[in-house]
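Summary of the model geometry
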Amino acid sequence: MQSCGVSLAVAACAAARSLGSASGGDEEKKMAAGKASETEEDFPTLTAQERDSLVGIDSSLFGFQRLHEDGARTKALLLKAVRCYASLILKAEGKVEPELFCQLGHFNLLLEEYAKALSAYQRYYSLQSDYWKNAAFLYGLGMVYFHYNAFQWAIKAFQEVLYIDPSFSRAKEIHLRLGLMFKVNTDYESSLKHFQLALIDSNPCTLSKAEIQFHIAHLYEIQKRYRAAKEAYESLLQTENLPAQVKATTLQQLGWMHHTVEQLGDRANKDSYAIQCLQKSLEADPNSGQSWYFLGRNLGKNGLSSSSILLDKCPPPRLPPPPSPVLPKDKLNPPTPSIYLENKRDAFFPPLHQFCTNPSNPVTVIRGLAGALKLDLGLFSTKTLVEANPDHLVECRTQLSQPADENWDLSGTKKMWRCESGRAHTTIAKYAQYQAASFQESLREENEKKALKEPSDTEPASAESTARKRRGPLKHIKFGTNIDVSDERKWKLQLQELSKLPAFARVVSAGNLLSHVGHTILGMNTVQLYMKVPGSRIPGHQEHNNFCSVNINIGPGDCEWFAVPEPYWGVMSDFCEKNNINFLMGSWWPNLEDLYEADVPVYRFIQRPGDLVWLNTGTVHWVQAIGWCNNIAWNVGPLSAHQYKLAVERYEWNKLQSVKSHVPMVHLSWNMARNIKVSDHKLFEMIKFCLLRTLKQCQSVKEALAAAGKETVLQDRNRDEPAHYCTICEVEVFNLLFVRSELLSRKQKQYVVHCQDCARKGSAELDNFVVVEKHRMDDLMQVYDQFTLAPPLHSSSS
């Protein structure tokens, strides 16, 4: 694919017809007719040679065309072209092909006339309905926004370039600038990912490899991952011919880090090492200063283009607008749908399944489930867990204890959305000790309060002083989360007990899409356990790929839930962006006042021991423990068009945001076609479209490889072999795996896989890669042909 979705030749020729074809005779006729005389300077024309020179000039040359140094001729040509295009637009009263505005934007960008470039790009945007197909336009627009520090809009433009054309010639430059912007926005994880993606790309860009490595090391330091930062800085210093400024700044950071960070050794050795580093820093570059951190503002060098297979191109996904009509204020606290079960028959009554999966019910609480099914919740009690597997790994989060409907900064003086927590690891036995000690401490505090309490003959405290007292100081608590309960050898009794649940809520069932993935996705198609003390928080999120979720409170304490319907996720994402938090990857706790002001409805309810919470497709939610309790949870994928549609939408949104999709939707779709009879026409059509699209992509890639003399190596997929993801950009890679030849020769059980685009960035001719084919094309076509719409099924018990 060319970097520009519309041909410059078309625009240049259109301009030429108007600008270069006006004969002298025409001018004489105009003058004879008494029209205003016009000089060549007023309406300049482009020669055929100049028009040819303009072909291929677009935004991708920005910063790579040195107009102030050796590009005087090019600059003169661009200035003339701008005058020509502007005069054509003027003469045509703006009624010209949209491509002319796009090219005018490119030329003004290259001339660093940013305001004029923005104006021209905006005209193109308003006139060209499928502007999103034009990668060079989006890139140029992103560069203008970047210049004006409009990072929110620059990020969106750059993400859309990578979405429609992952092999865009300036992909490395985009990753670099996304890294810089996310770093400024304090989204360090996203920043780190984009710098790493820039680092592996062999194409040139604004910064050198060493400068990118410095940013990566610096990000580790900012994130307080000091050991990783130290290793990265020291590794960078081993680089041959390291530029003096990079060396000086690296030594400066390394020295300062050793001076200030206690974890890096004892005081004497740290200080000695710090002094050595700072002395070497001054030797390397006596003029080095902190301004080096802002490298990357001056734009760079040339780049190489690689072809991309893009079929059935779809526009980049967009955030959904807020639902309309706007809800009245008295509807913003809707009652939570609740079902009360009295016996086993109630639990297996088909309408229960239909009620829970109905999109109009974002969340359902099934009360009394454990009693109705005679579930032995004691199997998941802390006592039993310790007896069964005391040394089992627990992820431990250190959090601030605060009221469920509030979120304060560390000082307890400012409300905020950001909800950070420290991460460590412990064991079930050790967390159980903490859980018990926390309970005993709370009892002791309660008894002390009762003993100190005097008759209430004083005036009641003011609301302000009560609030101040409640807010601070905030104490730290520990939350045991993401405990894997998938091993049937360790947790046989616990997993057997869950088979008592109705089929629609089970971890494994024929009607659960996640049971057809064919391999384990921890915490999704396996059970996870949570061990809590009061105040333990699961921050705001949607489930991976918008799948449904089942959560059972083991007790003995309660949990408080907050839930927002799926159609409002765009509003929630906007709030996160305003608060400099990554909606998909960040940790956030919504401010209820903000939500009510934006007319967002919030379901709020208590989950008691034995209650099952069914979270419907895409529901945004956050949870806080009121008492001491354990919970178990997993994901479920109902066999419905609504579930599949939202899962695919999130799959595409994740791709745009450079976030890995935990559910490999292409792999899953092919398994569904093999294993499931689909009678829902909408669901069938969506799956069939996915199959056809991937078939086309596979065939097209194979043809391109064959034309380049590159053969594929057929290796049939093993039973239980997981879906494959690119080790670099983390997109799903289906069927055709690009594997480094030296790694494949070792016959490793797990491939180190690249997607085609990342493989070509490392080696344009794929010299060091073997392309492994996991499915014969004939087999895939047979699956496609045999996947037909099944007759409707009569409703049966779930």
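Our structure's up above, just so we're on the same page.
Residues numbered from 1 in each chain as written. Predicted model: local features only at pLDDT ≥ 70, side-chain atom pairs only at ≥ 80, totals over all residues. Heavy atoms only, no water.

Some points on helix H14 (residues 267–284)
Which entries qualify depends on this criterion: Counting from the N terminus, the helices are the DSSP runs of H or I reaching at least four residues and the strands are the DSSP runs of E reaching at least two. By this rule, a helix spans an expected 1.5 Å times one less than how many residues it contains. Only protein chains enter the accessibility calculation, which uses a 1.4 Å probe; a residue is then buried when its area is under 20% of its type maximum, exposed when over 50%, and partly exposed in between. Picture the helix axis, draw a direction to every C-beta atom, and the arc is the one those directions span. Note on definitions: a residue-residue contact is assigned when non-hydrogen atoms from the two residues lie within 4.5 Å.
Relative to the 26 Å expected for 18 residues at 1.5 Å per residue, H14 spans 26 Å between its end C-alpha atoms, a close match to the ideal helical length. Along H14, the positions that sit buried rather than exposed are Lys270, Ala274, Cys277 and Ser281. In an axial view of H14, the angular spread of the buried residues amounts to 65°, which keeps them on one side of the axis. Projecting away from the buried face of H14 at angles above 90 degrees are the exposed residues Ala268, Asn269, Leu282 and Glu283. Where H14 is buried, its residues meet helix H13 (244–260).

Some points on the sheet that holds strand E2 (residues 363–367)
Rule in force here: Two strands form a pair only when DSSP identifies at least two bridges running between them. Interaxial angle, 0 to 180 degrees, is taken between N-to-C directions of lines fitted to C-alpha atoms, where a helix line uses only the stretch in contact.
The sheet built from nine strands is open, its strands ordered E1-E2-E11-E8-E13-E6-E5-E3-E4 with mixed pairing. In this open sheet, the two strands that pair with only one neighbour each are strand E1 (338–340) and strand E4 (422–427). The sheet shows a mean angle of 25° between the axes of neighbouring strands, taken without regard to direction. The pairing of strand E3 (residues 393–400) with E4 spans six bridges and is antiparallel. Across the sheet, residue Arg397 finds its bridge partner in E4, namely Arg423. Helix H16 (residues 350–357) rests against E1, E2 and strand E11 (612–615) of the sheet, and its axis sits at about 145° to E2.

With respect to a negative patch on the surface
For the record, the criterion: Two distance rules govern patches: like charges are joined within 9 Å, and nonpolar side chains (Val, Leu, Ile, Met, Phe, Trp, Tyr) within 5 Å, applied only to residues with over 30% relative accessible area and no salt bridge. Under the convention used here, a 1.4 Å probe and the Shrake-Rupley method define accessible areas, while residue burial counts only the protein chains that appear. A carboxyl oxygen of Asp or Glu within 4 Å of a side-chain nitrogen of Lys or Arg is what we treat as a salt bridge. His is not counted here, nor are the chain ends, while Lys and Arg score as positive and Asp and Glu score as negative. Taken as the charge centre is NZ of Lys, CZ of Arg, CG of Asp or CD of Glu, depending on the residue.
The grouping of Glu441, Glu445, Glu446 and Glu448 at the surface amounts to a negative patch. With respect to the secondary-structure elements, Glu448 resides in helix H19 (residues 428–452).

Thoughts on the nonpolar core
Side chains of a nonpolar character, in soluble globular proteins, are inclined to be buried together. Note the cut-off: In this description, a nonpolar core means a group of buried Ala, Val, Leu, Ile, Met, Phe, Trp, Tyr and Cys residues linked to one another through side-chain atoms lying within 4.5 Å.
Membership of the largest hydrophobic core comes to 76 residues, with the highest contact counts inside it found for Val564, Met572, Leu595 and Trp622. The dominant element in this core, judged by the number of residues it contributes, is helix H7 (residues 135–147), at nine residues. Apart from residues no more than four positions distant in its own chain, Met572 is found in contact with Trp417, Val564, Phe583, Trp588, Pro590, Leu595, Val600, Val620 and Trp622.

A short note on the side chain of Asn108
Within the secondary structure layout, Asn108 lies in helix H5 (residues 98–110). Here Asn108 falls in the buried class, since its relative accessible area comes to 4%. If we skip the residues at most four places from it in the chain, Asn108 touches Val82, Glu113, Lys116 and Ala117.

Some thoughts on the pattern of salt bridges
Summed over the entire model, instances satisfying the criterion amount to 24 salt bridges. Salt-bridge contacts for Arg177 lead to Glu173; the nearest nitrogen and oxygen are separated by 2.9 Å. With a gap of four residues between them, Arg177 and Glu173 both fall in helix H9 (residues 171–184), about one helical turn apart. The exposure classification of Arg177 matches that of Glu173, with both residues buried. A salt bridge links Glu395 to Arg397, with the nearest nitrogen and oxygen atoms 3.0 Å apart. Connected through salt bridges with shared partners, the residues Glu395, Arg397 and Arg423 form a single ionic network.

With respect to unusual backbone geometry
Trans is the prevailing form of peptide bonds, just as negative phi is the prevailing case for residues other than glycine. The omega torsion across Ser324 and Pro325 is 0°, close enough to zero to call that bond cis. Tracing the chain through its elements places Pro325 in the loop between H14 and E1. With a phi angle near 55°, Lys374 is a residue other than glycine that sits in the positive phi range. Looking at the secondary structure, you find Lys374 in the loop between helix H17 (369–373) and helix H18 (382–388). Residue class for Lys374 comes out exposed when judged on its relative accessible area of 66%. Of note in this structure, Asn482 is not a glycine but carries a positive phi near 50°. Residue class for Asn482 comes out partly exposed when judged on its relative accessible area of 34%.

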